[in-house]
Every structure is written in C-alpha cells, then in structure tokens.
Amino acid sequence: MQIAVFGLGFVGLTTALGFADKGFSVRGYDINKERCAEIASGKVPFFEPGLDDALARNLGKTFTIAESAIDAAYKSDICFFCVGTPGLSDGSADLAHLLSAIDSILVTVSKVCVLVVKSTIPPGTLKERIMPYVRAKGANNPLAVNPEFLREGKCWDDFMNADRIVCGVTDDTAKNVLMKLYMPFDTPIHFVEPNTAEFIKYLSNSLLAALVSYSNEMALLADAIGDIETARAFRILHEDRRLAGAGINTYIYPGCGYGGYCLPKDTAALDAVALKKGFTPQILEGVISLNNEMPELTARKIARVAGGKTEEIGILGLSFKPGSDDVRDSPAAKIIATLIRDGYVSIHTYDPLAMREFQNTFGLSITYCTSVREVCETCKVVALVTAWEEFKGIDKTFPDIRFVDCRYFLEN
Ligand SMILES: NC(=O)c1ccc[n+]([C@@H]2O[C@H](COP(=O)([O-])OP(=O)(O)OC[C@H]3O[C@@H](n4cnc5c(N)ncnc54)[C@H](O)[C@@H]3O)[C@@H](O)[C@H]2O)c1
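Computed from a prediction, not measured in an experiment: that's the story for all the values here.

## Examining the overall build of the chain
The number of helices and strands found in the chain is 16 helices and 13 strands. The C-alpha atoms of the chain give a radius of gyration of 23 Å, which matches the 22 Å a tight globule of 412 residues would have. Principal-axis analysis of the C-alpha atoms gives the chain an extent of 70 × 50 × 40 Å. Within the span of the chain, comprising 412 residues, buried residues form 53% of the whole. Within the chain, contacts between residues at least 6 apart in sequence are counted, and of these 71% link residues at least 24 apart.

What follows is the structure, encoded as structure tokens:
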C-alpha cells in the first residue's frame with residue numbers, strides 16, 4: 001500500500017515513520033522546505049525520543065521525502081493530512097492549512113484514494129466543512145477522520161503502542177483501507193461516525209484540561225484557607241485506589257496552567273462549536289477562564305516573593321512541559337511577559353532544551369543562562385515553571401534562594 005503524509009510535524013513525521021516502520025511505503029511532504037531538507041538529511045527537526053532512530057531505519061527505504069505535494073500523492077492509496085489547525089481569534093479552529101493541503105493534491109489523486117484527516121478538527125467538521133468542500137471540487141474520494149492521541153515527548157511510543165485507534169468513516173472503502181493499515185499494530189480499532197470520532201478527541205482533551213484547572217482551583221483554595229500542604233494533599237489523593245498508578249494523575253496536579261499546542265486551542269475550539277450550536281458549556285468555559293488567569297496569578301505569586309522591581313528574577317523552565325522543546329502556548333512565556341509588563345526588568349532563564357526555540361518564538365528581553373547554577377548564582381528569587389527532573393533538589397543545593405515552586409515539584 002502506498003501512503004502519503006502531508007505535514008511533517010510532531011504528528012505527521014511520527015505517523016509517516018510509524019507506517020514506514022511497519023513496512024508500508026510512505027512518502028512525506030511539508031510546505032516548509034527547510035523542514036523537508038532537514039528530514040531528508042536524516043535529522044529530526046524537533047526533540048522527540050525514538051524518532052531519530054526510526055528515521056535512520058526507514059529513510060531511503062520505506063520512507064522518502066517527496067519533491068512536491070503532487071509527487072507525494074501520485075498513485076497513493078491513502079493520504080494523511082497532519083497539518084496544523086491553530087485557533088482563530090474567536091477560538092474556532094482555523095482550517096486554512098488543511099483545506100490548502102487537500103487542494104494541493106486533488107488534481108493528482110486517483111478516485112479511490114482515501115483522504116484521511118489526522119489533524120484535530122472539531123466535531124462536525126468533516127461532514128459540514130471538508131466533505132462539501134471536496135465534493136464541490138468534483139472529487140468523490142472516500143473521506144475519513146482519524147484523530148491522533150499521542151503525547152509530545154512520547155510520540156513514537158504512543159503511536160506504535162496506542163491504546164485505541166479511532167476512525168470516523170463514511171463508507172466501506174475507507175474502512176477497509178484503514179483496517180489493513182492498522183492491522184499490524186494489534187491495537188483495538190473503533191470505526192465510528194465522523195462526528196463521533198472528532199468528538200472523542202475533544203472529550204479526551206477537554207477532560208485533561210478540566211483536571212488541570214480543577215487542580216489549580218483547589219490549590220488556590222488551599223492557599224486561601226491556609227496551613228495546607230498542597231503538594232502533599234494531592235499526592236495523598238493519588239493513593240486512592242481508583243486513581244493509584246493511573247497516568248492521568250499527572251493531570252490531577254496543580255501547576256501554572258496548561259499550555260502546549262493542543263489543550264488551549266482544542267478547549268477554545270470546542271467552546272466555539274458549542275456556542276455556535278446554541279449550547280453554553282459552563283464547566284468547559286470555567287476551565288478555560290481559570291487557565292487564562294493562571295499566568296497572571298502565577299506572576300503575582302512570584303512578585304510577592306520578590307523584593308522590588310529591580311530584583312533579579314530567575315525562571316527555570318521554558319518549554320510547556322518537561323521532556324519537550326515545544327514552547328507553543330507555554331505558560332512560561334505568559335508569566336515572563338506579565339512580569340516584564342509589571343516592571344521587572346531583570347529576568348534570567350534556563351531550560352535544558354527549549355532556549356533557542358523560546359528566543360526565536362517570543363523575542364522577549366530576558367537573559368538566557370547556560371545552566372541552572374548560573375541562574376541560581378545570579379538571582380535570589382527563582383521560580384520553577386517547568387518540572388524538569390534536573391531541577392529537583394535545587395532548593396537543597398541553594399538553600400539561600402527564595403524559590404517559588406509554581407509546579408509543586410520541589411518537595412516531591
Ligand atoms: N502535537 C501534538 O501533541 C498533537 C497530538 C495530537 C494531535 N495533534 C494535532 O495534529 C495536528 C498537527 O499537529 P503538530 O503538533 O504535528 O503540528 P506541527 O506544527 O508540528 O506540524 C504541522 C506541519 O504541517 C505543515 N504544513 C502546513 N500546511 C501544509 C500544507 N499545505 N502541506 C504540507 N504541509 C503543511 C507545517 O509546515 C508543519 O510542519 C494539529 O491539528 C494538532 O492539533 C497534535
């Protein structure tokens with residue numbers, strides 16, 4: 001079977017290499033030429049454990065980079081669209097990249113080539129937006145939606161050992177092709193209506209976001225009550241046998257708000273769909289609204305510990321979570337921007353992986369240090385914003401520093 005994958009970011013490159021590793025012939029294409037060249041030279045353009053080995057194993061064999069979208073789609077049996085679906089200003093999902101990627105191949109693909117949207121799209125999108133768009137162009141290709149549940153930092157493992165595969169299909173051709181493709185993964189596969197498949201992805205992300213906001217609200221309440229060991233209380237909560245050992249516990253823990261590419265935009269997009277359908281989702285709106293407040297509340301917490309505006313403030317951690325160099329919607333950026341807005345002029349930062357990406361993305365006027373030590377030798381107030389393992393115990397090494405543990409991490 002010949003597969004084409006459009007968009008070679010976290011989801012697309014993982015998908016392409018995952019199928020290639022199972023022996024399928026895969027051509028990948030990205031409009032970002034630099035990204036294509038980097039991958040074609042054997043380099044993964046972002047930090048993601050396992051992908052570099054998978055690329056080395058498959059490049060030039062089962063996986064190649066196509067010269068153009070048409071070249072990738074030519075004689076393909078199935079096309080996966082893994083491009084970004086960022087949020088628009090009203091919260092709704094921007095489908096421009098997706099529609100443009102689909103446009104770029106319609107002239108080439110055979111009538112039976114299955115077009116599969118792997119990008120996250122809100123419930124109703126395949127049937128109400130994509131299908132009419134494709135049909136209006138005179139293409140009758142089978143369409144499907146196959147949401148991806150992988151986590152950054154664990155992309156490869158999550159894709160190769162998924163706990164479930166969800167496919168929203170409209171006909172048997174799409175179902176049969178997807179069945180064949182996922183057969184070697186030996187994972188439960190669910191064929192459902194497209195709206196259901198899209199909804200399952202948002203059920204998942206909105207629940208994770210709700211757990212984070214619930215935990216943050218409880219931590220704020222604990223502060224208001226006083227004399228509560230918040231981190232300890234959460235750890236004891238995790239001992240409940242209904243939760244014990246569950247990976248979801250990482251979300252039932254306070255911090256400085258959820259960030260990254262998925263939860264903020266997906267919760268906003270679901271809210272936008274709900275409002276458009278005349279339904280006001282009260283819990284979801286509360287989840288989003290508390291999360292939007294978290295950078296401000298966290299910056300205030302840091303400011304309370306700092307002496308004055310001239311105080312040199314250290315920020316440890318810039319990526320949206322440990323084990324990743326992704327800084328998209330990172331709470332660190334919003335917290336730092338709030339501190340700068342409030343007049344704190346001397347901010348020193350360090351992150352084990354994400355400093356270059358952070359600097360290129362936000363261009364904030366801060367100092368980038370070469371180590372945790374350098375931050376701690378410069379600043380008397382240091383906020384821990386991303387829970388990197390290497391920051392653990394730092395309070396013992398530098399007992400004179402006033403740490404603001406925004407991730408409830410140090411006493412763990
Ligand atoms: N990152 C995650 O953890 C994750 C997890 C599950 C689902 N998703 C969803 O998957 C989708 C992709 O996310 P990502 O993190 O991989 O994004 P990404 O930004 O890492 O990658 C998207 C890629 O698509 C490319 N692209 C844009 N337009 C294109 C076009 N017309 N043709 C070919 N390539 C094009 C971009 O250049 C970019 O390299 C999003 O809808 C996201 O919500 C992401």
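## A closer look at the pattern of salt bridges
Considering all chains together, one arrives at 20 salt bridges under this definition. Glu148 serves as the salt-bridge partner of Lys118, at 2.9 Å between the closest nitrogen and oxygen. Of this pair, Lys118 sits in the loop between β5 (114-117) and α6 (125-136) while Glu148 sits in the loop between β6 (143-145) and α7 (155-160), and the two are 30 residues apart along the sequence. Residue classification places Lys118 among the buried residues on the basis of a relative accessible area of 2%. Accessibility expressed as a relative area gives 10% for Glu148, which makes it buried. Here Arg164 and Asp163 are joined by a salt bridge, their closest N and O atoms 3.1 Å apart. The exposure class assigned to Arg164 is partly exposed, which follows from its relative accessible area of 28%. Taken together, the salt bridges that share partners define one network made up of Glu152, Asp326 and Arg328.

## Observations concerning unusual backbone geometry
Non-glycine residue Lys75 carries a positive phi angle of around 60°. Inspection of the secondary structure assignment puts Lys75 in the loop between α4 (69-73) and β4 (78-81).

## Structural notes on the packing of α6 against helix α9 (residues 194-225)
Axis angle and axis distance: for two packed helices, these are the angle between their axes and the distance between the axes, and together they describe the pair. Remark: α6 packs on α9, axes separated minimally by 8 Å, with the N-to-C direction vectors making an angle of 115°. Contact with α6, carried on its side by Thr125, Leu126 and Lys127, involves Pro194, Asn195 and Glu198 of α9 and no other residues of that element. When the residues that make up the contact of α6 with α9 are grouped by side-chain class, the tally is two nonpolar, two polar and two charged.

## Some thoughts on empty space enclosed by the protein
In the structure shown here, the tally under the stated rule is one cavity of 30 Å³ or more. The element best represented in the lining of the largest cavity is α9, accounting for three residues. Residue composition of the lining of the largest cavity, by class: four nonpolar, two polar and two charged.

## Things to note about the pairing of strand β1 (residues 2-6)
For β1, the buried fraction is high: five of the five residues fall into the buried class. Along β1, one buried face is formed by Gln2, Ala4 and Phe6 and the opposite face, lined by Ile3 and Val5, is buried too. In terms of strand pairing, β1 meets strand β2 (residues 25-29) through five bridges, oriented parallel. In the strand pairing of β2, Ala4 is matched with Arg27. Regarding topology, helix α1 (residues 10-21) serves as the crossover connection from β1 to the parallel β2, and that connection is right-handed. Here β1 pairs with β4 via four bridges, running parallel. Residue pairing across strands places Phe6 opposite Phe81, the latter belonging to β4.

The rules behind each value
Residues numbered from 1 in each chain as written. Predicted model: local features only at pLDDT ≥ 70, side-chain atom pairs only at ≥ 80, totals over all residues. Heavy atoms only, no water. Helix = DSSP H or I, 4+ residues; strand = E, 2+ residues; numbered from the N terminus. Rg over C-alpha atoms; globule rule 2.2 N^0.38 Å. Buried < 20%, exposed > 50% of the residue type's maximum accessible area, 1.4 Å probe, protein only. Contact = heavy atoms within 4.5 Å. Salt bridge = Lys/Arg side-chain N within 4 Å of Asp/Glu carboxyl O. Axes fitted to C-alpha atoms, helices over the stretch in contact; angles between N-to-C directions. Nonpolar A, V, L, I, M, F, W, Y, C, P; charged D, E, K, R; others polar. 1 Å grid on protein atoms, 1.4 Å probe; cavity = no way out; pocket = protein on both sides within 12 Å on 5 of 7 lines; lining within 4 Å. Points joined across faces, edges and corners; volume = space filled by probe spheres on them. Pairing = 2+ DSSP bridges. Right-handed = clockwise from strand over helix to strand, strands pointing away.

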